[in-house]
Amino acid sequence: MPILKKVTENKILRQAFFIAILLGVWQYIVSTGNYSELILPNLRSIWTALVDSISTGEMGERTAYSLYLIGKALAIGSGLALILTALAMLSPLFADFVKTITTIFNPLPGVALLPIALLWFGIGENSILLILVHSIIWPLILNATTGFRSVSRTQLEVGRNLGLRGLKLVSSVMVPSAFPYILTGFKISWSNSWRSLVAAEMIFGASGGQGGLGWLIYQKRFFLQTPYVFAALFVIILIGILVENVIFAQIEKWTIQRWGMIIQKEK
Amino acid sequence: MADKVLIENLFVKFEGEQGNIQALEDISFSVKEGEFLTILGPSGCGKSTLIRSIAGFQKPEKGRILLGKRQVHEPGPDRIMVFQEFDQLFPWKTVKSNITYALKVNGKGKEERERMAAHYLEMVNLQDFGGAFPHQLSGGMKQRAAIARSLALNPEILLMDEPFGSLDAQTRAVLQSELVRLWQKVGSTIIFITHNIQEAILLGDRVMVMSSAPGRIKDIVDVNIARPRLPETPEFMALWHTLYGLLETKRFGENGKNNTMPGKD
């Protein structure tokens with residue numbers, strides 16, 4: 001059968017097929033009528049909730065706020081990671097210090113810092129930022145340091161031979177050479193912080209009328225608007241997929257795949 | 001002609017966990033402007049250490065390295081090194097940008113960079129591969145691109161550390177004759193490291209033979225054979241045997257010492 005063959009050969013069609021099966025199972029369970037709409041809503045009402053929250057602008061606003069928070073945290077976190085890693089490369093003593101604090105803090109989940117963040121900054125943006133920066137900075141430092149250590153000696157010497165020194169050598173040779181590691185660091189940082197963000201928002205809620213997707217979920221659950229909870233979950237999943245499988249995959253394709261630094265992925 | 005490079009009483013010592021190793025002991029020689037000097041020695045004789053010292057990557061224990069009248073202490077674009085490793089091109093730049101970037105670092109304007117890159121790519125027969133990334137090239141092509149990049153910088157001396165050492169025999173032979181052709185055309189001064197006797201004779205105006213543990217100069221032999229040189233000619237074979245003899249005494253140790261040395265060489 002040509003259609004079946006097409007579906008089994010194409011990765012996207014294959015995945016769509018699995019998703020369709022999952023949705024079918026969902027809808028079947030709902031249709032048995034054993035569960036209340038408040039616990040397991042109809043797919044149609046989730047869809048209506050999604051369309052409604054998008055058209056009223058609520059979903060867009062909440063998503064934008066979450067993305068704004070994570071963008072800000074990524075900027076602060078990568079800046080700090082860059083400074084710490086650069087200083088660690090200049091001084092062996094400082095390298096020991098960075099290694100120690102990274103070892104201490106990396107295993108600590110961001111959400112575990114919530115009570116401390118509350119004590120220090122109270123409810124609000126700064127508390128969430130502290131947690132996000134924490135979940136961004138350590139994986140980034142770890143990966144960047146490993147990357148810098150794995151830079152080819154020959155390429156470093158070629159750089160010095162051309163006349164590059166100090167920061168210029170770092171930015172022109174070490175960073176691109178360590179880029180596969182740095183990118184991995186960013187991937188881990190992103191997924192850590194995206195997960196922490198949703199959790200933190202649920203606990204902190206909104207400050208000054210603002211709130212992100214996590215807060216939206218919490219609010220809707222409070223009012224027993226279950227379809228809206230699922231609609232928000234859907235958006236969270238969608239953004240996760242978009243960033244991890246589209247944006248990062250594209251960056252990878254433009255850089256380390258193009259440069260032959262990693263083996264091309266199979267289709 | 002004037003001396004381009006002058007090495008005076010060079011000593012290099014490695015401090016290791018099992019004690020210190022004298023890698024080079026009292027090395028003195030000079031290279032004339034436009035001369036092609038090959039340095040021949042077995043693994044571990046310190047020939048790589050010697051060329052790395054000239055490049056400025058290795059700090060000597062004592063002695064002087066003079067380039068013209070200047071003493072050199074650190075790496076610089078006046079002495080460009082071509083390595084044996086295939087990863088010496090920056091993988092994140094195309095073949096052409098590898099050259100234009102090197103020129104940019106050394107203050108060349110945009111138009112000149114483009115022009116020179118095209119010129120040198122053509123010189124090494126890579127004009128069709130300027131837009132390729134290094135990982136798309138074969139080992140031989142990578143080495144040719146690295147040579148093009150080095151020549152484009154117009155260094156006072158070209159240092160070549162077994163650049164053809166990892167290539168298959170055919171590619172190696174092709175690149176050897178190409179290098180001689182380039183050298184005759186450009187007139188650069190070259191120090192070329194090898195452990196291959198035939199390569200040393202094919203390329204060099206003179207062959208400097210080294211002995212190991214500690215690394216010393218065994219002899220410097222003139223190659224009075226007209227180019228292009230053919231290995232099957234009697235004078236080539238005679239010189240081959242002379243050099244082989246020089247290496248041989250060393251290989252079994254003049255005083256029963258073992259020739260182990262750290263490093264890749």
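Residues numbered from 1 in each chain as written. Chains lettered and ligands numbered in written order. Predicted model: local features only at pLDDT ≥ 70, side-chain atom pairs only at ≥ 80, totals over all residues. Heavy atoms only, no water.

S.K.: In this structure, what is going on with the overall build of chain B? I would like to understand it.
M.R.: Across its full length, chain B carries seven helices and ten strands. Expected size for 265 residues packed as a compact globule is a radius of gyration near 18 Å; at 18 Å, chain B falls within 12% of this value. Seen through its principal axes, chain B has C-alpha atoms that stretch 60 × 45 × 35 Å. Residues classed as buried in chain B amount to 55% of the 265 residues present. Counting only contacts in chain B whose residues sit at least 6 apart along the sequence, the fraction spanning at least 24 positions is 70%. Approximately 11,700 Å² of chain B is accessible, and the part contributed by carbon and sulfur atoms is 49%. (Helix = DSSP H or I, 4+ residues; strand = E, 2+ residues; numbered from the N terminus. Rg over C-alpha atoms; globule rule 2.2 N^0.38 Å. Buried < 20%, exposed > 50% of the residue type's maximum accessible area, 1.4 Å probe, protein only. Contact = heavy atoms within 4.5 Å. Areas by Shrake-Rupley, 256 points an atom, 1.4 Å probe, with all protein chains shown as cover.)

S.K.: How should the packing of aromatic side chains be read in this particular structure?
M.R.: In this description, an aromatic ring pair is defined by two values, namely the gap between the centres and the angle between the planes. Residues and elements named next belong to chain A. The final tally for this structure, using the stated rule, is 16 aromatic pairs over all chains. Between phenylalanine 17 and phenylalanine 18, the aromatic rings sit 6.1 Å apart at their centres with planes inclined by 50 degrees, giving tilted as the arrangement. Judged by its relative accessible area of 49%, phenylalanine 18 falls in the partly exposed class. Residues phenylalanine 222 and phenylalanine 223 carry aromatic rings whose centres are separated by 5.5 Å and whose planes lie at 90 degrees to one another, so their mutual orientation is edge-to-face. (Phe/Tyr/Trp six-rings, centres within 6.5 Å; stacked < 30°, edge-to-face > 60°.)

S.K.: Teacher, can you tell me more about the domain arrangement of chain B here?
M.R.: When the parts come together, some accessible area is lost, and that loss is often what is quoted as the size of the interface. Residues and elements named next belong to chain B. Examined at the domain level, chain B breaks down into domain 1 (21-78 + 162-251) and domain 2 (89-154). For domain 1 versus domain 2, the separation of C-alpha centres amounts to 25 Å. Counting residues at the interface gives twelve residues for domain 1 and ten residues for domain 2. Regarding the contact of domain 1 and domain 2, the summed buried area is about 960 Å², with carbon and sulfur atoms giving 69% of it. Linking domain 1 with domain 2 are one salt bridge. The residue arginine 144 makes a salt bridge to glutamate 178 at a minimum N-O spacing of 3.8 Å. Our enumeration of links across domain 1 and domain 2 arrives at two residue pairs in polar contact (both at pLDDT 80 or more). Split into classes, the residues belonging to the side of domain 1 that touches domain 2 amount to seven nonpolar, two polar and three charged. (Domains from an automatic or database assignment. Buried area = accessible area lost by both parts, 1.4 Å probe. Salt bridge = Lys/Arg side-chain N within 4 Å of Asp/Glu carboxyl O. Polar contact = N/O pair within 3.5 Å; in protein donor to acceptor, adjacent residues only side chain to side chain. Nonpolar A, V, L, I, M, F, W, Y, C, P; charged D, E, K, R; others polar.)

S.K.: Can you help me understand the sheet that holds strand 2 (residues 19-32) of chain B in this one?
M.R.: Two strands in a sheet stick together by hydrogen bonds in their backbones, pointing the same way (parallel) or opposite ways (antiparallel). Residue and element names in this part refer to chain B. On the basis of which strands lie adjacent, the open sheet formed by four strands has the order 2-1-4-5 and antiparallel pairing. A strand with exactly one partner marks an edge of an open sheet, and here the two such strands are strand 2 and strand 5 (70-71). Strand direction decides the pairing type here: strand 1 (residues 3-16) and strand 2, joined by ten bridges, are antiparallel. Along strand 2, the bridge assignment pairs lysine 13 with glutamine 22. Contacting strand 1, strand 2 and strand 4 (62-67), helix 1 (residues 47-55) runs over the sheet at an angle of about 65 degrees to strand 2. (Pairing = 2+ DSSP bridges. Axes fitted to C-alpha atoms, helices over the stretch in contact; angles between N-to-C directions.)

S.K.: Would you explain the confidence of the model for chain A in this entry?
M.R.: Low pLDDT marks regions whose predicted coordinates should not be analysed in detail. Mean pLDDT over chain A works out to 88, with 95% of the residues at or above the 70 mark. Here helix 1 (residues 2-9) of chain A stands out as the least confident element of chain A, with mean pLDDT 70; helix 8 (residues 153-162) of chain A is the most confident, with 95. (pLDDT = per-residue confidence, 0-100.)

S.K.: Would you explain the pattern of salt bridges in this entry?
M.R.: Per the stated rule, a full pass over the model turns up 21 salt bridges over all chains. With a closest N to O distance of 3.4 Å, A:Lys220 and A:Glu58 form a salt bridge. Here A:Glu58 lies in helix 4 (residues 58-90) and A:Lys220 lies in helix 11 (residues 213-222), a separation of 162 residues in the sequence. Classification of A:Lys220 as buried rests on a relative accessible area of 10%. Among the charged side chains, a salt-bridge network with shared partners connects B:Lys4, B:Glu33, B:Arg70, B:Asp78, B:Arg79 and B:Glu156.

S.K.: Quick question: what am I supposed to make of the UniProt feature "transmembrane region" (unreviewed entry) in chain A here?
M.R.: Mapped onto this numbering, the UniProt entry annotates "transmembrane region" (unreviewed entry) at residues 12-30, 65-90, 102-122, 128-148, 169-190 and 230-251 of chain A. Secondary structure content for residues 102-122 of chain A is 57% helix and 0% strand, while the C-alpha to C-alpha distance between its ends is 25 Å. (UniProt positions renumbered as here; feature names shortened; annotations may be inferred.)

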